[in-house]
Structure formats: C-alpha cells, structure tokens
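Structural overview
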Amino acid sequence: MVNPFEQVPLDRLRERTSIKWRFFEPDVLPLWVAEMDVLPAEPITRAVHDAMLRGDTGYPWGTGYAEAFGRFAADRWGASVEVSRTALVSDVMMGAFELIRLLTPPGGAVIVTSPVYPPFHAYSAHAERRVVEAPLGDNLRLDLSAIEDACARVGDAGAVLLLCNPHNPTGTVHTRAELEALAQVAARYGVRVISDEVHAPLLFDATFTPYWEVDPHGFSLTSASKAWNLAGLRTALIVGGAETGADLGEIAEVVSHGPSHLASIAHAAAFDEGRGWLDEVLAGLRGNRALLARLLAEHAPSIRWQPGEATFLAWLDCRGTRVAEPGSVADPGYVGLSTGPAKAFLEQARVGLNAGEAFGAGGENHVRLNLGTRPDVLEEAVRRMGEVA
C-alpha cells in the first residue's frame, strides 16, 4: 500500500500557496491548520477535470452530494440518510452559523464542550449569541453533569449545543450511549443540538454514530473537506433528524447560493470513489500516530498525549514542560498561535502549532499538532520541540 504522506517531497510542499505553508516563515515546520500534506485522490482529480472539460462550472443543482454521502454513511457506519432532510451549504461552520441563527433568538446561547474547535466560539459571537462552556471531563469525554448545568444556566433564553464528533482537538469519538444521554438532557431543557461531524470518516479505534440517528430534533454537519483534504473546495451538508423537516424548510434560500458546484462534484466523488484512497490515508495516519508516540517518549517525555480515536490531530499536554505558563489567558483570535507553549515552540523550535488557549476552558498549556504530514517532517518537528520542552 502506498503511503500518501511520503509522496510529496518537503520542497514541493513549500511550493503550496495555501495558508498552512504560507502563514509562517520558510524555516518553520507547519503542523497546525487542518490541511494534510497529500495529493488528491485520483477519482476526485478526474471528476473535477471532466467537469471542467464539459464546461460544467455553473451553479449547484440537485441532490447528488447528499445521495453520495448517504451511500458512504450506509456502507461505513450502517446509518441511513433521508435526502429530503438535507440541505447544501457552503461549509460546515457556515451551516452551523445558519442553524444557530435559525434555532436561537438574538442574545440566545450556544453551549460548547471546551476545549473545542476555536471557530465554535468565533462564529457564535459573530451570530450575536453568548457562549456557555460545559468543559470536557478529565478523561476528555463529555461531562453530562456539566452539560446539564449549562442547560439549566441558560434557562429560557433559547440555546443550542454545538457538538464536535469526533471531537476536535482531542480525537474522542462519542459513543451511542453518550449521544443518547446527551439527547435526553437536551430534550429536557429544550436545547437543540448541532453536531459537527466533519472528521467522522477518519476513524481508528471506535464506532461512529451520527447524531441525527439518536435525536429526531438534532442536526449533523458533514463534508469531505477534512478526510479527503478538500478545504479549498467549499461545500457541506446539513443532515437533520426525523423531526427537522420544518426547520430545514426555514433555511433562507440565499444560503443555497454559497456552495460551489465544482466542489460538490469533487466531494461526491470522494464519498463514492475515494474510499480506497481514504483507507491508504488512514494507514499512513496510523503509522504517524505510532511514530509520534515513540518520538515523544524519546525526545520530549515531559509532553503527555492521550491518542484519540479519530482525526489527524494530536492534543498535547504541555503542563509538565519547561514552557508551561502559569495563568495563561485565552487568545481571542481564531488562529491561536501566539500564547503559551505554542509561542515557545514557534519562537525557539520553529515549529508551528495551534495554541491550546484558543480552544477555551481546559486548553491552557496544551497545543494541537497536525499528524497529516511526512514522517520525516514529524520526526524533525518533535526533535526540535524536545530541545525546548
């Protein structure tokens, strides 16, 4: 089996013009934003190429994306997608933004299970909703008592819970029992749940349950963007539970203008024809996960890591290192690169990581590392980090 992470030499990676490879100075090894250092799956390249030759570059139409995702969900997770309860949106977070605005009043609340993907905070604030944190437990799993407490605190203000499954940054995959218990709490308090499931195809050691399957009033957001490295081809899907038809019907028609037709063609090809490529990526990521564990033990034993069950992200605990900062404050920016240990690793080791403080409560003195890179890049990065930690 070909390792997709060994196909592109470092000098060719540095020729890329996306944010991962252009944000930092050339001597920095960028292991931060969620882009993988791979070539596209051949069926995706072919689908986009053929569309261009047809001149098929207009506006999106039809349910081909939803149907392709439905086939993938049925084959990989045994889940059923009702195409009539789906909606095409420009990307996962814009889908979340529209659902937040639809399901909560101005001044309402968005409950998040921190530490969590920083845009959960930023998009909620942009929607003029207040963020209420229900931190994960010490085992990095959902803390239902904290969630219930958050639901009780928002009262009648109107709230949604923005879930991340698999969880970014920890890689935790919530179990069906956890999701069913969450749905019961949400129903008790009249809180609607919106689940970001964009990393769900990247599973290692867990069974994935889509949220729409356990909560008839819940929503899932999905896309091929992370698993097939298509962030630059923007399109995504809302999938609603059995009782969400009326809600989906209220999504403004203008929202459907955002998705790219070419992107939808590419994503549908990923779900239908890119599964072999995905399996090769997962094999490469398994190798990188094992490599990271060995490298940390050898070069940076003061950094702790609890490997997740999914995603190409590693959530590293730096509280025992020399670069830990007492009383670090949250970085208000989206990028989150300039606080705590991430700042030290960038300035002293020339390794670019996401600062844990940007992920909210519980993120202090942590960093998020992107495993989706060449093994030799990962090895050099951890060696440099070890000299600082």
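Refer to the structure above for everything that follows.
Residues numbered from 1 in each chain as written. Predicted model: local features only at pLDDT ≥ 70, side-chain atom pairs only at ≥ 80, totals over all residues. Heavy atoms only, no water.

**Some points on the overall build of the protein**
Rule in force here: Counting from the N terminus, the helices are the DSSP runs of H or I reaching at least four residues and the strands are the DSSP runs of E reaching at least two. The globule rule is 2.2 Å times the number of residues to the power 0.38, and the radius of gyration it is compared with is taken over C-alpha atoms. A simple rule labels every residue: compare its accessible area, found with a 1.4 Å probe on the protein chains alone, to the largest value its type can have, and call it buried under 20%, exposed over 50%, or partly exposed in between. Working rule for contacts: check all heavy atoms of both residues, and any pair within 4.5 Å makes them a contact. The protein chains shown are the only cover counted for residues, whose accessible areas, like all others here, come from Shrake-Rupley with a 1.4 Å probe. For this count, His and the chain ends are skipped, Lys and Arg are scored as positive, and Asp and Glu as negative. Here the site of a charge means NZ on Lys, CZ on Arg, CG on Asp, or CD on Glu.
Tallying secondary structure elements over the protein gives 13 helices and 13 strands in all. Computed over C-alpha atoms, the radius of gyration of the protein comes to 20 Å, within 12% of the 21 Å expected from 2.2 N^0.38 for 389 residues, which places it in the range of a compact globule. By its C-alpha atoms, the protein is 55 × 55 × 35 Å across when sized along the principal axes. For the protein, with 389 residues in total, the buried portion stands at 59%. Once local pairs closer than 6 in sequence are excluded, the contacts in the protein between residues at least 24 apart make up 73%. Element-wise, carbon and sulfur atoms account for 51% of the exposed surface of the protein, whose accessible area totals about 15,500 Å². Charge centroids of the protein, computed over 33 positive and 49 negative side chains, lie 3 Å from each other.

**Digging into the nonpolar core**
Basically, it comes down to this: Working definition of a nonpolar core: buried Ala, Val, Leu, Ile, Met, Phe, Trp, Tyr and Cys residues. They are joined through side-chain atoms within 4.5 Å.
In this structure, Trp 228, Phe 345 and Leu 369 are the most contacted members of the largest nonpolar core, which totals 75 residues. With nine residues, helix H11 (residues 275–299) is the single largest residue contributor to this core. Look past the residues within four positions of Trp 228 in its chain and what remains in contact with it is Ile 44, Phe 72, Pro 201, Ala 270, Phe 271, Gly 274, Trp 277 and Leu 278.

**Overview of helix H4 (residues 64–77)**
Side chains three or four residues apart in an α-helix point the same way, a direct result of the helix having 3.6 residues per turn. As a reminder of what qualifies: Helix span, as expected, comes to 1.5 Å for every residue beyond the first.
Between the first and last C-alpha of H4 there are 20 Å, a value that for 14 residues agrees with the 20 Å anticipated at 1.5 Å per step. Listing the buried residues of H4 in full gives Tyr 65, Ala 66, Ala 68, Phe 69, Gly 70, Phe 72, Ala 73 and Trp 77. The elements touched by buried residues of H4 are strand E2 (86–89), strand E7 (219–222), strand E8 (236–240), helix H10 (261–273) and H11. Looking one or two residues past H4, Gly 78 carries a phi angle of roughly 65°, positive in sign.

**Here we look at the environment of Leu 163**
Position of Leu 163 relative to the elements: it lies in strand E5 (residues 159–164). Using a relative accessible area of 0% as the deciding quantity, one classes Leu 163 as buried. Through-space distance from the C-alpha of Leu 163 to that of Val 28 is 33 Å; in sequence the pair is 135 residues apart. Contacts of Leu 163, omitting those with residues within four sequence positions, involve Phe 120, Leu 142, His 174, Leu 179, Leu 182, Val 193, Ile 194, Ser 195, Asp 196 and Tyr 211.

**Remarks on the packing of H11 against helix H13 (residues 375–388)**
Where we set the bar: Angles here are taken between N-to-C directions and fall from 0 to 180 degrees, while the axes themselves are lines fitted to C-alpha atoms, restricted in helices to the stretch in contact. Each angle receives one of four descriptions, namely roughly parallel if under 35 degrees, roughly antiparallel if over 145, roughly perpendicular if within 65 to 115, and oblique otherwise. Here a crossing is called left-handed whenever its near helix is offset anticlockwise from the far helix by less than a right angle, and right-handed whenever the offset is clockwise.
Between H11 and H13, the shortest axis-to-axis distance is 9 Å and the interhelical angle comes to 25°. Of the possible angle classes, the one that applies to H11 and H13 is roughly parallel. Considering only the axes of H11 and H13, their crossing is right-handed. Residue-level contacts link Asn 288, Leu 291, Leu 292, Leu 295, Leu 296 and His 299 of H11 to Pro 375, Leu 378, Glu 379, Val 382, Arg 383 and Gly 386 of H13.

**Brief notes about the pattern of salt bridges**
Note the threshold: Should a side-chain nitrogen of Lys or Arg be within 4 Å of a carboxyl oxygen of Asp or Glu, the pair is scored as a salt bridge.
Applying the stated criterion to the full structure yields 25 salt bridges. Glu 178 serves as the salt-bridge partner of Arg 141, at 2.8 Å between the closest nitrogen and oxygen. Of this pair, Arg 141 sits in the loop between strand E4 (130–133) and helix H7 (144–154) while Glu 178 sits in helix H8 (residues 176–189), placing them 37 residues apart in sequence. One exposure class covers both Arg 141 and Glu 178, and it is buried. Between Glu 387 and Arg 383 there is a salt bridge, with its nearest N and O atoms 2.7 Å apart.

**Notes on the sheet that holds strand E13 (residues 366–370)**
Worth spelling out the cut-off: One requirement defines pairing of two strands: DSSP has to find at least two bridges between them.
Judged by pairing direction, the sheet is antiparallel, and its four strands sit side by side in the order E9-E10-E13-E12 without closing on themselves. Lying at the two open borders of the sheet, with one neighbouring strand each, are strand E9 (304–305) and strand E12 (354–355). With two bridges joining them, E9 and strand E10 (residues 313–317) adopt antiparallel strand pairing. Counterpart to Trp 305 in the pairing with E10 is Leu 316.

**A few points about the pairing of E7**
Taking every second residue as pointing to the same face, both faces of E7 are buried, with Phe 219 and Leu 221 on one and Ser 220 and Thr 222 on the other. Alignment of strand E6 (residues 192–196) against E7, held across three bridges, turns out to be parallel. Directly across from Asp 196, in E7, lies its bridge partner Leu 221.

**Concerning the packing of aromatic side chains**
For any pair of aromatic rings, geometry is given as the distance between the ring centres together with the angle between the planes. Selection rule: Each pair of aromatic rings taken from Phe, Tyr and Trp, with Trp reduced to its six-membered ring, is defined by centres within 6.5 Å and is described as stacked if the planes are under 30 degrees apart, edge-to-face if over 60, and tilted in the remaining cases.
Counted under the stated rule, the structure contains 14 aromatic pairs. Arranged with centres 5.3 Å apart and planes meeting at 70°, the rings of Phe 69 and Phe 271 form a pair that is edge-to-face. Residue Phe 69 is found in helix H4, and its partner Phe 271 is found in helix H10; the two are separated by 202 residues along the sequence. Take Phe 69 and Phe 271: they sit in the same class, and that class is buried.

**Digging into the state of the cysteines**
So the rule is basically this: The definition used for a disulfide is geometric: two cysteine sulfur atoms within 2.5 Å.
Counted under the stated rule, the structure contains zero disulfides. Summary of cysteine pairing: Cys 151 is not part of a disulfide, and the nearest cysteine sulfur, belonging to Cys 164, is at 17 Å. Residue Cys 151 is classed as buried on the basis of its relative accessible area of 2%.

**Some words on the sheet that holds E8**
Read across the open sheet, the seven strands follow the order E2-E8-E7-E6-E5-E3-E4; overall the sheet is mixed. Where the open sheet ends on each side, the last strands, each with one partner, are E2 and E4. The mean angle between the axes of side-by-side strands here comes to 25°, regardless of whether they run parallel or antiparallel. As paired elements, E5 and E6 share five bridges and run parallel to each other. Note on E6: the bridge partner recorded for Val 160 is Arg 192. In the packing of helix H5 (residues 92–103) onto the sheet, the strands contacted are E2, strand E3 (109–112), E5, E6, E7 and E8, and the crossing angle to E7 comes to about 155°.

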